[in-house]
Amino acid sequence: DTGVSQDPRHKITKRGQNVTFRCDPISEHNRLYWYRQTLGQGPEFLTYFQNEAQLEKSRLLSDRFSAERPKGSFSTLEIQRTEQGDSAMYLCASSNRDPGTGELFFGEGSRLTVL
Amino acid sequence: DQQVKQNSPSLSVQEGRISILNCDYTNSMFDYFLWYKKYPAEGPTFLISISSIKDKNEDGRFTVFLNKSAKHLSLHIVPSQPGDSAVYFCAASWVAAGTASKLTFGTGTRLQVTL
């Protein structure tokens, strides 16, 4: 399977714990995006990488969130000191074109439940 | 501030009939519009797109119409099939100077195609 893969698919944690999600994009895609989706809402942009450079972060991304993409391949999204409001589906997407003119390929998502 | 709005959370259509999903936007800077389809437990998948310089784009059973003056677009599915039952997200993008082009999603419309 050469699609976008995310791990873990589901994470249950207690408030205050740290969690990390991993995304492996399609190998030839240089653009990588993280989105967050809560119940009844559409995906909301969190951050964007072009190769290894993090070029943009949303205001939604508080200081407790950090994302990396070392060597421009896989990416990790870490949430420190989780809060119940962090419970959501975290979606990773990749592309080799501008998303305005080319599609984003999404992974299946990592669902976070904070108790 | 919801810049992309899908005011119908759900829609039920009989198999073989036309499905019409609507989307309104407020940001006149948007210059590209896309529709994504999402099945349960999967990430969104790209369906069809349209540039702001066009008013119609067709791909098989799917047609997207854009009315820029009304800031409105719609997705027509003809004929509707049971496999079309999914959540449909409208998305829009524009390139602002110094930022990455990224997608802004609506809240989605759940389409149910009945036999």
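Residues numbered from 1 in each chain as written. Chains lettered and ligands numbered in written order. Predicted model: local features only at pLDDT ≥ 70, side-chain atom pairs only at ≥ 80, totals over all residues. Heavy atoms only, no water.

### Notes on the pairing of strand 4 (residues 32-38) of chain B
Successive side chains on a regular strand alternate, one facing one side of the sheet and the next facing the other. All names here are of chain B. What counts, and what does not: Per-residue accessibility, obtained with a 1.4 Å probe over protein chains only, is compared with the maximum for each type, and a residue is labelled buried under 20%, exposed over 50%, and partly exposed between these values. Runs of H or I in DSSP of at least four residues are treated as helices and runs of E of at least two as strands, each being numbered from the N terminus. Criterion used throughout: strands pair if DSSP finds at least two bridges between them.
Where burial is concerned, most of strand 4 is hidden: seven out of the seven residues are buried. Side chains Tyr32, Leu34, Tyr36 and Lys38 project from strand 4 onto one buried face, and the interleaved Phe33, Trp35 and Lys37 project onto a second face that is buried too. Across six bridges, strand 4 lies against strand 5 (residues 45-51) in antiparallel orientation. Residue pairing in the sheet places Tyr36 in a bridge with Phe46 of strand 5. What sits between strand 4 and strand 5 in their antiparallel hairpin is a turn of six residues, with Ala41 showing a positive phi close to 65°. As paired strands, strand 4 and strand 9 (residues 86-93) are joined by seven bridges and run antiparallel to one another. Residue pairing in the sheet places Phe33 in a bridge with Ala92 of strand 9.

### Structural notes on the sheet that holds strand 7 (residues 62-67) of chain B
All names here are of chain B. Spatial ordering of the open sheet is given by 1-3-8-7-6, a layout of five strands whose pairing is antiparallel. Of all the strands in the sheet, the pair left with one neighbour each is strand 1 (4-5) and strand 6 (56-59). The pairing of strand 7 with strand 8 (residues 72-77) spans six bridges and is antiparallel. Bridge pairing in strand 8 links Val64 to Leu75.

### Quick look at the side chain of Asp86 of chain A
Residue and element names in this part refer to chain A. Our working definition: A 3.5 Å cut-off defines polar contacts: any pair of N or O atoms within that distance qualifies, except that in protein one atom must be a possible hydrogen donor and the other a possible acceptor, and neighbouring residues in sequence count only when both atoms are side-chain atoms. It only takes one pair of heavy atoms within 4.5 Å for two residues to be counted as in contact.
Relative to the helices and strands, Asp86 resides in the loop between strand 8 (75-79) and strand 9 (88-95). Of the polar contacts made by the side chain of Asp86, one reaches the side chain of Arg64; its length is 2.8 Å. If we skip the residues at most four places from it in the chain, Asp86 touches Arg64, Phe65, Ile79, Leu112 and Val114.

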